[in-house]
Amino acid sequence: MGLSADAWHAVLLSAELAVLALPGYALGAIVLCYALQFGLKRAAWLDALVTVPLVFPPVVIGFALLWLLGRHSPLGRVLQAVGVNFIFTLPGLWLAAFLAGLPLAVKTLQTALQTHPRVWHDIALTLGRSPRNVYLTLHLPIALPALLGGLLLALARGMGEVGMSLMLGGNILGRTETLSLAIFNTVTNGDTAQAAVLSALLGAFSLLLFAAVRVLQNRELSKHDVFHPS
């Protein structure tokens, strides 16, 4: 069975979101992990803030963002004045995907950084290098497989997001209907055949990302086996 024009638009819109979200995940994970591990002395509040999208209902977060960024809120009016609108637009969908996936990218990289011996960092500092330089040239290259794996996990989570996308994007047919929302809509309308095709596409995409994460994990494990033979 072929896809309808609206379904194809949802597929292409999700593909566009994926391309736009990846740089955001990468930059967000790199900056936040530096702050969490090396930049802040008391980072518990930031760690909790990053974790919120993982443990809080997405639709509740979406409603809070709708209220915070809406056209009638103080912040919303300021954003409108400078030509920025997150409500029922592509930027709103991007924000939903970004917030949904970012915690996975951050937590994966953070976990990898926590395994690095602190003495590496201290020795580099005694050689006159700044904490930021040590992070970018020492820790980050070593943790690159973890960063890439986290980005893939974040992308899978962001593309499957429904609650925040529904609130911020408005689920407008042909405009802000993502692939995950299209599946929801086709099931609601009783078009199970179209829903099955869309579900297969999203499922295949997620499985592909999962396979890529496994490859990265296996390569990293093989490196440890080389340097630490049993």
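Each chain carries its own residue numbering, running from 1 in the direction its sequence is written. Owing to the predicted nature of the model, reporting of local features is limited to residues with pLDDT of at least 70; listing and counting of side-chain atom pairs is limited to 80 or more, with chain, interface and lining totals taken over all residues. For side-chain calculations, the full set of non-hydrogen atoms in the structure is used, while hydrogens and water are omitted.

K.L.:
Please explain a nonpolar patch on the surface as it appears in this structure.
P.N.:
Patches draw on residues past 30% relative accessible area with no salt bridge. Two like charges within 9 Å are joined, as are two nonpolar side chains (Val, Leu, Ile, Met, Phe, Trp, Tyr) within 5 Å. The Shrake-Rupley method, run with a 1.4 Å probe, gives the accessible areas here. Residue values count only the displayed protein chains as cover. Between Lys or Arg on one side and Asp or Glu on the other, a salt bridge is scored when a side-chain nitrogen of the former is within 4 Å of a carboxyl oxygen of the latter. A cluster of nonpolar side chains, namely Leu40, Trp45, Leu49, Val52, Leu54, Val55, Phe56, Val59 and Val60, defines an oily patch on the protein surface of about 810 Å² accessible area. Of all the secondary structure elements, the ones that give two or more residues to the nonpolar patch are α2 (44–55) and α3 (58–69). The element best represented in the nonpolar patch is α2, accounting for five residues. Strands are runs of DSSP state E lasting at least 2 residues, helices are runs of H or I lasting at least 4, and numbering of each runs from the N terminus. With respect to the helices and strands, the residue Val52 is situated in helix α2. For each residue, the accessible area found with a 1.4 Å probe, counting protein chains only, is set against the maximum for its type, and the residue is called buried under 20%, exposed over 50%, and partly exposed in between. Under the relative-accessibility criterion, Val52 is labelled partly exposed at 33%.

K.L.:
What exactly am I supposed to notice about α3 here?
P.N.:
Each α-helix turn comprises 3.6 residues. Residues three or four places apart therefore point the same way. Here α3 contains 12 residues, and its C-alpha end-to-end distance of 16 Å stays within 8% of the 16 Å for a straight helix at 1.5 Å per residue. Of all the residues in α3, the buried ones are Ile61, Gly62, Leu65 and Leu69. Looking straight down α3, one finds its buried side chains confined to an arc of 100°; they lie on one side. Relative to its buried face, α3 has exposed residues pointing more than 90 degrees away, namely Phe63 and Trp67. Note on definitions: a residue-residue contact is assigned when non-hydrogen atoms from the two residues lie within 4.5 Å. On its buried side, α3 packs onto α2, α4 (74–81), α5 (90–114) and α9 (163–169). Given a helix with a known number of residues, its expected span is that number minus one, times 1.5 Å. Working definition: the arc comes from the directions between the helix axis and the C-beta atoms, pointing outward to the latter.

K.L.:
What is the right way to look at the nonpolar core in this model?
P.N.:
Note on soluble globular proteins: their nonpolar side chains tend to be buried together. Definition used in this section: a nonpolar core is a set of buried Ala, Val, Leu, Ile, Met, Phe, Trp, Tyr and Cys residues joined via side-chain atoms within 4.5 Å. Counting residues in each nonpolar core, the largest one holds 46 residues, and the members touching the most others are Tyr25, Val106, Leu109, Tyr135, Met159 and Leu198. Elements with a contribution of two residues or more to this core: α1 (5–39), α2, α5, α7 (131–142), α8 (144–159), α10 (179–188) and α11 (192–227).

K.L.:
How do you make sense of the packing of α1 against α7 when you look at a structure like this?
P.N.:
For any two helices packed against each other, one specifies the inter-axial angle together with the distance between the axes. To get an axis, fit a line to the C-alpha atoms, keeping to the stretch in contact for a helix; angles then go from 0 to 180 degrees between the N-to-C directions. For the pair α1 and α7, interaxial distance at closest approach is 11 Å and the crossing angle is 115°. The orientation of α1 relative to α7 falls into the category roughly perpendicular. As for the relative orientation of α1 and α7, their crossing is right-handed in sense. Each of Ala29, Ile30, Cys33, Tyr34 and Phe38 in α1 lies in contact with α7, whose residues at this interface are Pro131, Arg132, Tyr135, His139 and Leu140. Of the residues in the contact of α1 with α7, the class split is eight nonpolar, one polar and one charged. By the definition adopted for this analysis, an angle is roughly parallel if under 35 degrees, roughly antiparallel if over 145, roughly perpendicular if from 65 to 115, and oblique otherwise. Each crossing gets its handedness from the near helix: less than a right angle anticlockwise from the far helix is left-handed, clockwise is right-handed. For this classification, Asp, Glu, Lys and Arg are treated as charged, while Ala, Val, Leu, Ile, Met, Phe, Trp, Tyr, Cys and Pro are nonpolar and the rest, including Gly, are polar.

K.L.:
Can you walk me through the environment of Asp122 in this structure?
P.N.:
As for its position among the elements, Asp122 is in helix α6 (residues 118–126). Judged by relative accessible area, Asp122 falls into the partly exposed class, the value being 35%. Along the sequence, Asp122 and Ala143 sit 21 residues apart, while their C-alpha atoms lie 18 Å from each other.

K.L.:
Quick question: what am I supposed to make of the packing of aromatic side chains here?
P.N.:
The description of an aromatic ring pair uses the distance of the two centres, along with the angle that the planes make with each other. Only rings of Phe, Tyr and Trp enter the pairing, Trp through its six-membered ring, and a pair is recorded when the two centres are within 6.5 Å. The plane angle decides the type: under 30 degrees is stacked, over 60 is edge-to-face, the rest tilted. If you walk through the whole model with that rule in mind, you get five aromatic pairs. Their ring planes at 55° and their centres at 5.8 Å tell us that Phe38 and Tyr135 sit as a pair that is tilted. With a gap of 97 residues between them, Phe38 in helix α1 and Tyr135 in helix α7 connect regions that are remote in the sequence. With a relative accessible area of 17%, Phe38 lands in the buried category. Aromatic rings pair up to connect Tyr25, Trp94 and Phe98 into one cluster.

K.L.:
How should I be thinking about the environment of Ala124 in this particular structure?
P.N.:
Looking at the element boundaries, Ala124 is found in helix α6. Overall, the relative accessible area of 5% leaves Ala124 in the buried class. Along the chain, Ala124 and Phe38 lie 86 residues apart, while their C-alpha atoms are 13 Å from each other. The contact partners of Ala124, leaving out residues within four places of it in the chain, are Arg129 and Val134.

K.L.:
What's the story with α8 in this structure? I'm lost.
P.N.:
Along its 16 residues, α8 runs 23 Å from first to last C-alpha, staying within 8% of the 22 Å computed at 1.5 Å per residue. Among all positions in α8, only Pro145, Ala146, Leu147, Gly149, Gly150, Leu151, Leu152, Ala154, Leu155, Gly158 and Met159 are buried.

K.L.:
Before we go on, may I ask you to explain unusual backbone geometry in this structure?
P.N.:
Glycine aside, residues mostly have negative phi, and peptide bonds are mostly found in the trans state. For Phe88, which is not glycine, the phi torsion reads 60° and is therefore positive. Among the secondary structure elements, Phe88 is positioned in the loop between α4 and α5. Residues other than glycine seldom take positive phi values, yet Asn171 does so here, at roughly 55°. Residue position: Asn171 is located in the loop between α9 and α10.

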